[in-house]
Amino acid sequence: MSVIQPEVPLDDDVLVTRARAGDLEAYDLLVARHTASAYRTAVLLGAGSDSEDVIQEAFVKGYRKLSRYRGESSFRSWLLAIVANETRNLHRSRTRRDGLVLRATAANPASEIAEDGAVGAVLAGERRAALVEALRQLPVRDREVIVCRFLLDLSEEETVATLGWPRGTVKSRTSRALAKLRGLLDREEVRNG
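Read on for an overview of the structure. All of these numbers come straight from a predicted model, not from anything done at the bench.

Conventions and cut-offs
- Residues numbered from 1 in each chain as written.
- Predicted model: local features only at pLDDT ≥ 70, side-chain atom pairs only at ≥ 80, totals over all residues.
- Heavy atoms only, no water.
- Helix = DSSP H or I, 4+ residues; strand = E, 2+ residues; numbered from the N terminus.
- Buried < 20%, exposed > 50% of the residue type's maximum accessible area, 1.4 Å probe, protein only.
- Contact = heavy atoms within 4.5 Å.
- Areas by Shrake-Rupley, 256 points an atom, 1.4 Å probe, with all protein chains shown as cover.
- Salt bridge = Lys/Arg side-chain N within 4 Å of Asp/Glu carboxyl O.
- Phe/Tyr/Trp six-rings, centres within 6.5 Å; stacked < 30°, edge-to-face > 60°.
- Lys NZ or Arg CZ within 6 Å of the ring centre and 35° of its normal.
- Axes fitted to C-alpha atoms, helices over the stretch in contact; angles between N-to-C directions.
- Parallel < 35°, antiparallel > 145°, perpendicular 65-115°, else oblique.
- Left-handed = near helix turned anticlockwise from the far one by under 90°.
- Nonpolar A, V, L, I, M, F, W, Y, C, P; charged D, E, K, R; others polar.

The helix and strand inventory of the protein chain stands at nine helices and zero strands. Its helices and strands taken in sequence order, the protein chain reads α-α-α-α-α-α-α-α-α from the N to the C terminus. For the protein chain, the proportion of its 193 residues judged to be buried stands at 35%. Residue pairs in contact within the protein chain that sit at least 24 positions apart in sequence constitute 66% of those at least 6 positions apart. For the protein chain, the computed accessible surface area is about 11700 Å², with 53% contributed by carbon and sulfur atoms.

Structure below.
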């Protein structure tokens, strides 16, 4: 009687090694594994309706530049850095800034609804809308660091790798960006009573 061993998922390093050797299925697995994070990154950094194009271009560039990946950071961080760069390229190519769209990932409304479901949903929607509007008002670099650290839940090290900034810059900009965001949200709260 033979014992069937459960399939062990391959880690990113193994898949990268296989993809470098020409295994397209390995790269397909990396794409499948990181598409959601890449998409969220593109959307939250302001790619809006162009997010799918941005991540597609990022995955193509990632495959072409796979030989340059040195493993100093996680593959995910390296890939998200490419997504961030592609999003910046998109911003530079746009002729007007009106096209910047930030859409937060829709939360599960059921988890936010308190006793009075309708009131809870409206209040949660208003809080999300106020947060998105405040994020839109931040300068691009402040928005990028907030998105990476808190909306994408990247570690400080992953944020350093994703944005390509020194650690000290990530720390100081995070602190300043949070202060600016709090100020914007406080003003909004005062304005709405």
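Turning our attention to the environment of T174. Residue placement: T174 occurs in helix 9 (residues 167–192). Residue class for T174 comes out buried when judged on its relative accessible area of 9%. Sequence separation of T174 and R149 is 25 residues, and the distance between their C-alpha atoms is 8.0 Å.

The next point concerns the pattern of salt bridges. On inspection of all chains with the given rule, the structure shows eleven salt bridges. Three or more residues are tied together by salt bridges with common partners; here these are D142, R173 and K180.

It is worth spelling out the packing of aromatic side chains at this point. Under the definition given, this model contains four aromatic pairs. Ring geometry for Y69 and F75: centres 5.8 Å apart, planes at 90 degrees, overall edge-to-face. Residue classification places F75 among the buried positions, given a relative accessible area of 1%. By way of ring pairs, the aromatic residues Y69, F75 and W78 are connected into one cluster. One residue, R149, lies across the ring of F150, its end atom 6.0 Å from the ring centre. Against the face of W165 rests R173, its NZ or CZ located 5.6 Å from the ring centre.

For the pair helix 1 (residues 12–20) and helix 2 (residues 24–44), the least separation of the axes is 8 Å and the interaxial angle reads 140 degrees. Viewed along their axes, helix 1 and helix 2 adopt a mutual orientation that is oblique. Of the two elements, helix 1 crosses helix 2, and the hand of that crossing is left-handed. Across the interface between the two elements, D12, L15, V16, R18 and A19 of helix 1 pack against A26, Y27, L29, L30, R33 and H34 of helix 2. Residue composition of the contact of helix 1 with helix 2, by class: seven nonpolar, one polar and three charged.

Positive phi, close to 60 degrees, is recorded for D153, a residue that is not glycine. Relative to the helices and strands, D153 is located in the loop between helix 7 (140–151) and helix 8 (156–163).

Another point: helix 8. Among all positions in helix 8, only T159, V160, T162 and L163 are buried. After helix 8 finishes, the residue G164 shows a positive phi value of roughly 70 degrees.

Glancing now at the packing of helix 2 against helix 4 (residues 75–93). Interaxial distance between helix 2 and helix 4 falls to 10 Å at its minimum, and their mutual angle equals 50 degrees. By the angle between their directions, the pair helix 2 and helix 4 is classed as oblique. In this structure, the crossing between helix 2 and helix 4 has a hand that is right-handed. Across from Y27, L30, H34, S37, A38, T41 and A42 in helix 2, the residues of helix 4 making contact are F75, R76, L79, L80, V83 and T87.

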